[in-house]
Protein chains: 2
Amino acid sequence: MIDFTQLDPVIHEKARLSIMTLLTTRSPRAFQDIKSELKLSDGNLITHLRTLTREKYVHETKATAADSARQCTSYEITASGQNAFQTYLKILEAIVRHTKYP
Amino acid sequence: MIDFTQLDPVIHEKARLSIMTLLTTRSPRAFQDIKSELKLSDGNLITHLRTLTREKYVHETKATAADSARQCTSYEITASGQNAFQTYLKILEAIVRHTKYP
DNA sequence: TAAAACACTTTGTAGCGCAAAGTTAATTTT
DNA sequence: AAAATTAACTTTGCGCTACAAAGTGTTTTA
């Protein structure tokens, strides 16, 4: 059978899975963009982004005053984040395949 | 983007996802078989099976004394459980597809 | 220069995953 | 045949985390 213990708990969480999926297609993305696109509350989003940042799956960049007047924090996926996500996706594929051709 | 709110929280949980995957290929299965195959602790397994039973995704059958001397509880996936799981799998496929061909 | 709008942060709580300990019943041992 | 052991679940309790409501500091508008 599939080894479900391999399913990275950092990624296997609705909100973080959606963030990773979003950031995979285009990075970096601003906090506000992620928030509106994924319809997550401020508090919920920041905690998940913090988790992903702590795990070094995403990288945080705070815009300085020179860049723009208002503060703007952006996030992009890191190399190790991409690796972890690819591994995660392989298991998803295995699950789908397994249920189709058991 | 993919609508992650559609991701059924009952299924989107490592242990329950593994149980659903297992029961999809062959039902019914005994408590002990599930436990040893998925390497879950007794307490952990029963709570997840209870959740799935409460949601009517699986059906519980307790063997009567006539069937066997020792008690033996078996679980099989229900029709609505299969439906829910198929819907869940469609989203998994969408995620995989999205990351491959964004 | 108030006050309203942004862009995050912090805080509090409710709920859940998990395993250790408990319960009941059936074998096996003495 | 009584006691001990094994089997098959169940219950209980803790620790963690997702989530939103309230808070903070800055910037723009009236």
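Figured I'd write up the structure that's included with this text. Here the structure is a predicted model, which means the values were calculated and not measured. (Residues numbered from 1 in each chain as written. Chains lettered and ligands numbered in written order. Predicted model: local features only at pLDDT ≥ 70, side-chain atom pairs only at ≥ 80, totals over all residues. Heavy atoms only, no water.)

## Some thoughts on the relation of the copies chain A and chain B
It takes a turn of 180 degrees to lay chain A on chain B, together with a shift of 0.0 Å along the axis; the resulting RMSD is 0.0 Å. Both chain copies can therefore be described as sitting about a two-fold axis. For chain A, the minimum C-alpha distance to the rotation axis belongs to L92 of chain A and amounts to 3.2 Å. A share of 100% of the interface residues of chain A reappears at the interface of chain B, consistent with the copies meeting face to face through the same patch. (Least-squares fit on C-alpha atoms with pLDDT ≥ 70 in both. Contact = heavy atoms within 4.5 Å.)

## A few points about the pattern of salt bridges
Oppositely charged side chains are able to pair whenever their charged atoms sit close together. For the structure shown, the criterion picks out eight salt bridges over all chains. Ionic pairing is found between K35 of chain A and D42 of chain A, a salt bridge with its closest N-O pair at 2.8 Å. Relative accessible area serves as the criterion here: at 24%, K35 of chain A is assigned to the partly exposed category. You can call D42 of chain A partly exposed: its relative accessible area is 40%. We note a salt bridge from R29 of chain B to E37 of chain B, for which the minimum N-O separation is 3.4 Å. By relative accessible area, which is 37% here, E37 of chain B ends up partly exposed. (Salt bridge = Lys/Arg side-chain N within 4 Å of Asp/Glu carboxyl O. Buried < 20%, exposed > 50% of the residue type's maximum accessible area, 1.4 Å probe, protein only.)

## Concerning the packing of helix 4 (residues 79-100) of chain A against helix 1 (residues 14-25) of chain B
What describes two packed helices is the angle between their axes and the distance between those same axes. Relative to each other, helix 4 of chain A and helix 1 of chain B sit at 25 degrees, their axes nearing to 9 Å. One element, helix 4 of chain A, and the other, helix 1 of chain B, form an angle in the roughly parallel class. As helix 4 of chain A packs across helix 1 of chain B, the resulting crossing turns out to be left-handed. Two secondary-structure elements touch here, helix 4 of chain A through I95, H98 and T99 of chain A and helix 1 of chain B through L17, T21, T24 and T25 of chain B. Grouping the constituent residues of the contact of helix 4 of chain A with helix 1 of chain B by class yields two nonpolar, five polar and no charged. (Axes fitted to C-alpha atoms, helices over the stretch in contact; angles between N-to-C directions. Helix = DSSP H or I, 4+ residues; strand = E, 2+ residues; numbered from the N terminus. Parallel < 35°, antiparallel > 145°, perpendicular 65-115°, else oblique. Left-handed = near helix turned anticlockwise from the far one by under 90°. Nonpolar A, V, L, I, M, F, W, Y, C, P; charged D, E, K, R; others polar.)

## Some remarks on the interface of chain A and chain B
Between chain A and chain B, the contact holds 28 residues from the first and 28 residues from the second. The contact between chain A and chain B buries some 2,300 Å² in all, and 79% of this surface belongs to carbon and sulfur atoms. Viewed at the interface, chain B and chain A are joined by two salt bridges. Here E93 of chain A ties to K100 of chain B by a salt bridge, and the two come within 2.8 Å at their closest N and O atoms. Taken together, chain A and chain B are joined by four residue pairs in polar contact (both at pLDDT 80 or more). Going through the elements one at a time, helix 1 (14-25), helix 2 (31-38) and helix 4 of chain A are the ones with two or more residues in the side of chain A that touches chain B. Looking at the side of chain A that touches chain B, the element that brings in the most residues is helix 4 of chain A, giving ten residues. (Buried area = accessible area lost by both parts, 1.4 Å probe. Polar contact = N/O pair within 3.5 Å; in protein donor to acceptor, adjacent residues only side chain to side chain.)

## Looking at helix 2 of chain A
Residue and element names in this part refer to chain A. Those residues of helix 2 that sit buried are F31, I34 and L38. With its buried residues spanning 70 degrees around the axis, helix 2 presents them on a single face. Buried positions along helix 2 lie against helix 1, strand 1 (29-30), helix 3 (42-54) and strand 3 (73-77). Trailing helix 2 by a residue or two, K39 shows a phi angle of about 55 degrees, which is positive. (Arc of directions from axis to C-beta.)

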